[in-house]
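Okay, here's what each chain looks like letter by letter:
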Amino acid sequence: MRVREMHPLCCITLESQGIGNGSPEPMLLRTGSAVAFSGGGSEVNAGGSEVSSSSTTTSVAGILYKWTNYGKGWRSRWFTLRSNGVLSYSKTRRPNIVPGDDVILIGHVKPPTSRKRSKAVGIVHLKISSFRESKSDDRRFYLFTATKTLHLRTNTNKERAAWIRALISTRSLFSLRRLNENIPILTRDLSVSTERLKERLLEEGIGEGLVKDCEQIMLSEFSEIQGQYKVLFEERSNLLDTLRQLEAANIEAEASGINDGEYQLMKQEFSNLSSGKNIEWSTTESSDDVEKQDLEEASDEEETHFFDTNEYFSEPTISCESLGIDHMDDGARLKNQTNDVNKAEAKKNVFAYRYPQVERRNRLPDPVEKEKRVSLWSMIKDNIGKDLTRVCLPVYFNEPLSSLQKCFEDFEYSYLLDQAYEHGKAGNSLQRILYVAAFAVSGYASSEGRHCKPFNPLLGETYEADYPEKGVRFFSEKVSHHPTLIACHCEGKGWKFWGDSNLRSKFWGRSIQLDPVGTLTLEFDDGEIFQWNKVTTSIYNLILGNIYCDHHGTMHMRGNRQYSCKLKFKEQSILERDPHQVHGFVEDVMGKKIATLFGKWDESMYFVNGDGNGKVKDKSDACLLWKKNEPPLNFTRYNLTSFAITLNELAPGLEEKLPPTDSRLRPDQRHLENGEYDKANAEKLRLEMRQRMSRKLQENGWKPRWFERESEEGSFRYVGGYWEARDQGKWDGCPNIFGEISEDLINSFE
């Protein structure tokens, strides 16, 4: 027979081999709980005062009622709690044990005669779970895992107490076992004696004062070493504990038949355990809140485990830091190393750490008024074929940003230019143009779901953006009213960007086509320059259906050195199942394709070396260049990104530093952001009257304040002086373009 001994701290017993014959002697559990017989046919008394049991047990079992769903309600399940911390349950209403098993039975149960075991339908590991009693029902308690909550109920409150004691005891047991395992001995505390050193120094005739100084120096150095040693000791202990638990989980997973997803979840939770995030049993005030949680748990027939797709099914990405420099060699291959998205994001944040952190708003103000909807068709049916920029629309069709601010929105991913600068500085010209190409595509990501029109700036209107957390300074100005031209200039670490743009728009009944005109220029400090033009944007389903936008056309990126790039934005068709595709390649001066780029303008961009063997869609062997940021938590009807929400923010103290021409001071735009729609419409009509005077002002010799044209047909370039004037607070030559219009001025233009 087996001779079993009870551990002095818990009700679960430890087994050892013994000699002799005899029947099990009843033993009262130290917990004083209601209980059970082991393996016999006697009825279990869950509530009696006289409790008999076999002298040792390895498991606790009994019937518990488990909440399934509102259709089936509470269903009885057979639960078995083993000393290794695994709690399993099955649908049988009879004990899942056979004669010879050592089990404490909780509740009134009649053991079966069959030796056939029923299949477990659920498993809970106490190592990564917690449990609580219900405060409103003395028969209910809850088991919490990372993927689900088990709502359990017993027949009596004493049975619940017995189960809670068993759960506590089981957890205590395997925690104690870990302490008793044989591991290499490592002393936590180190000590050092200086007596021998002092005696030796005194023998050499060194004075006591100098000896004491030497002793203090030595003890001080040792104290630092001791602190480092303690840290290493803690890390080693945590590592051993984690490895031990992962090994146990692996064995249990194989024995229990749990799925791979749950095993991966267990490994994550074990990592939390090793870092000190132990899960404890508690009966906090939040226990009652459990009953208010969702009880619509799937039935056992449909119980499956669901995991966050971002966490468990993330796309693999490639670390491309080890790319070779000589890419002209046919035998040269780009060295790729597989990694996850988190590492790619960490790589992006390396550049952010160089800059100071600035707190900016993460939501727009709550609207003051309820918005009044206006029919779009009623506004534009009489303007088919006309230039849409000259059509006056109510503010309902606007978003609280101006076209000047929209220009800066292209720099949301300015870190790509920082990376391009660093790669070029290291001599890797291919990586430089790849990141520049990714930057050019990333500017379109914010347009997805943006169906409102930005405000058309007044002549001479400006916008500044000083973002030290991104390491950039941006400035833009409307330099011409007819044709409408917006010039911008931006400076970052090791690069400058400038350009002017104009949109030629046409309305075709059900859609609007926007054709950009103008060249964008990027210059690095080492003299390398890239120039490109934007592609066509179309907005569809203006009258019927869901409005959506698409970007299509070919973007030619020309460099003044070794490489150039061509990107094709595929136009979306009616039957397109995979829209927003971008495909392109980098070629050298000889026309040889060096690298292939592919991705989506609203998601991410990748590249592979060579011509990519035609259409490349497999991302497993590709390098991630850019990935779109997550959408904001506070959604608005404008679908602004987190970055766009900050563009019109008027932080405390900023208004005094801005010129009177800045877009943040435009009243109709500010009223729209605040949800004051009637005021916004009134101001927009007033400013439209001033806007109509702009053409005559321009004909009478008006010149932009901060930009000038390089040549008669050239682009506008920033002449400098804005940031210096801002520091001095001198805005000479900057009129209050948003102010009231005098009657004399109106009469002079009539």
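What you are looking at is a predicted structure, and each value in this text was computed from that prediction instead of being measured. (Residues numbered from 1 in each chain as written. Predicted model: local features only at pLDDT ≥ 70, side-chain atom pairs only at ≥ 80, totals over all residues. Heavy atoms only, no water.)

With that out of the way, let us pick up the overall build of the chain. The helix and strand tally for the chain stands at 16 helices and 30 strands. Per-residue burial over the chain gives 46% buried out of 750 residues. Summarising the internal contacts of the chain: among those between residues at least 6 apart in sequence, 61% fall at separations of at least 24. Total accessible area computed for the chain in this model is approximately 39,100 Å², and 49% of it derives from carbon and sulfur atoms. (Helix = DSSP H or I, 4+ residues; strand = E, 2+ residues; numbered from the N terminus. Buried < 20%, exposed > 50% of the residue type's maximum accessible area, 1.4 Å probe, protein only. Contact = heavy atoms within 4.5 Å. Areas by Shrake-Rupley, 256 points an atom, 1.4 Å probe, with all protein chains shown as cover.)

The next thing to look at is the side chain of Glu-683. Relative to the elements of secondary structure, Glu-683 occurs in helix α13 (residues 677-692). Not counting chain neighbours up to four residues away, the residues in contact with Glu-683 comprise Pro-667, Asp-668 and His-671.

Of all six residues making up strand β15 (residues 462-467), five are buried, and the element is well covered by its neighbours. Note that β15 and strand β16 (residues 472-480) share six bridges and pair antiparallel. Across the sheet, the residue bridging to Asp-466 is Arg-473, located in β16. Hairpin connection, β15 to β16: the antiparallel pair is bridged by four residues, and Gly-471 has positive phi, about 75°. (Pairing = 2+ DSSP bridges.)

With respect to the helices and strands, Ala-420 occurs in helix α9 (residues 415-425). Taking relative accessible area as the criterion, Ala-420 reaches 0% and is therefore assigned buried. Discounting chain neighbours no more than four positions away, the residues touching Ala-420 are Arg-432, Tyr-435, Val-436 and Phe-524.

On the surface, a nonpolar cluster with roughly 260 Å² of combined accessible area is contributed by Val-192, Leu-197, Met-218 and Leu-219. Position of Met-218 among the secondary structure elements: in helix α3 (residues 208-256). (Patch = residues over 30% accessible without salt bridge, like charges linked within 9 Å, V, L, I, M, F, W, Y side chains within 5 Å. Salt bridge = Lys/Arg side-chain N within 4 Å of Asp/Glu carboxyl O.)

Any two side chains of opposite charge can pair if their charged atoms end up close together. Evaluated as defined, the whole model comprises 24 salt bridges. The residue Asp-137 makes a salt bridge to Arg-139 at a minimum N-O spacing of 4.0 Å. Several salt bridges converge on common partners, so that one network encompasses Glu-399, Lys-406, Glu-409 and Arg-450.

Tracing the backbone shows Lys-493 in the loop between β17 (485-492) and β18 (495-507). Sequence separation between Lys-493 and Val-472 is 21 residues; the distance between their C-alpha atoms is 7.4 Å.

Relative orientation of the contacting elements α9 and helix α10 (residues 429-442) amounts to 170°, with a least axis distance of 8 Å. Between α9 and α10, the interaxial angle falls into the category roughly antiparallel. Every residue of α10 that contacts α9 at Leu-416, Leu-417, Gln-419, Ala-420, Tyr-421, His-423, Gly-424 and Lys-425 is listed here: Gln-431, Arg-432, Tyr-435, Val-436, Ala-438, Phe-439 and Ser-442. Here the residues of the contact of α9 with α10 sort into eight nonpolar, five polar and two charged. (Axes fitted to C-alpha atoms, helices over the stretch in contact; angles between N-to-C directions. Parallel < 35°, antiparallel > 145°, perpendicular 65-115°, else oblique. Nonpolar A, V, L, I, M, F, W, Y, C, P; charged D, E, K, R; others polar.)

Another point: unusual backbone geometry. Across the junction of His-482 and Pro-483, the peptide omega takes the value 0°, indicating a cis bond. Summarising the element assignment, Pro-483 is placed in the loop between β16 and β17. In this model, His-580 sits at a positive phi of 65°, which is unusual for a non-glycine residue. Tracing the backbone shows His-580 in the loop between β24 (563-569) and β25 (581-588). Taking relative accessible area as the criterion, His-580 reaches 8% and is therefore assigned buried. Even without being a glycine, Asn-639 presents a positive backbone phi close to 55°. Relative to the helices and strands, Asn-639 resides in the loop between β28 (623-627) and α11 (642-645). Since its relative accessible area comes to 34%, Asn-639 is described here as partly exposed.

Here strand β9 (residues 140-144) lies mainly inside the structure; five of its five residues are buried. Across the two faces of β9 the burial is the same, with Arg-140, Tyr-142 and Phe-144 and Phe-141 and Leu-143 all buried. Here strand β8 (residues 130-133) pairs with β9 via four bridges, running antiparallel. When the sheet's bridge partners are listed, Phe-131 is paired in β9 with Leu-143. Between the end of β8 and the start of β9, which pair antiparallel, lie six residues. Direction of pairing for β9 relative to strand β10 (residues 149-153): antiparallel, over a ladder of five bridges. Opposite Tyr-142, over in β10, you have His-151 as the bridge partner.

What follows concerns the nonpolar core. Counting residues in each nonpolar core, the largest one holds 75 residues, and the members touching the most others are Phe-408, Phe-497, Trp-532 and Leu-597. The leading source of residues in this core is α10, at 10 residues. Setting aside anything within four residues of it in sequence, one finds Phe-497 in contact with Phe-411, Phe-439, Cys-488, His-489, Cys-490, Leu-520, Thr-521, Leu-522 and Trp-532. In terms of nonpolar packing, the next biggest core, distinct from the first, is built from 20 residues, Leu-81, Ile-104, Leu-126 and Leu-143 among them. (Core = buried A, V, L, I, M, F, W, Y, C linked by side-chain atoms within 4.5 Å.)

A few words on the environment of Gln-405. Mapped onto the secondary structure, Gln-405 falls in helix α8 (residues 403-409). When its relative accessible area of 0% is taken as the criterion, Gln-405 is described as buried. Taking the C-alpha atoms as reference, Gln-405 lies 7.8 Å from Ser-663; in sequence the two are 258 residues apart. Once you skip the residues sitting within four places of it in the chain, Gln-405 turns out to touch Pro-400, Tyr-463, Leu-647, Asn-648, Ser-663, Arg-664 and Gln-669.

Note on placement: His-481 falls in the loop between β16 and β17. Setting aside chain neighbours within four positions, we find His-481 in contact with Leu-459, Gln-691, Ser-694, Arg-695 and Gln-698.

When pLDDT is averaged along the chain, the result is 74; 67% of the residues meet or exceed 70. Per-element averaging of pLDDT across the chain places helix α5 (residues 309-312) at the bottom with 31 and strand β20 (residues 520-524) at the top with 97. Contacts for the low-pLDDT stretch residues 247-319, under 50 throughout, to residues beyond four places or in other chains number 157 contacts. Note on residues 321-343: pLDDT under 50 across the span, and 45 contacts to partners over four residues away in sequence or across chains. (pLDDT = per-residue confidence, 0-100.)

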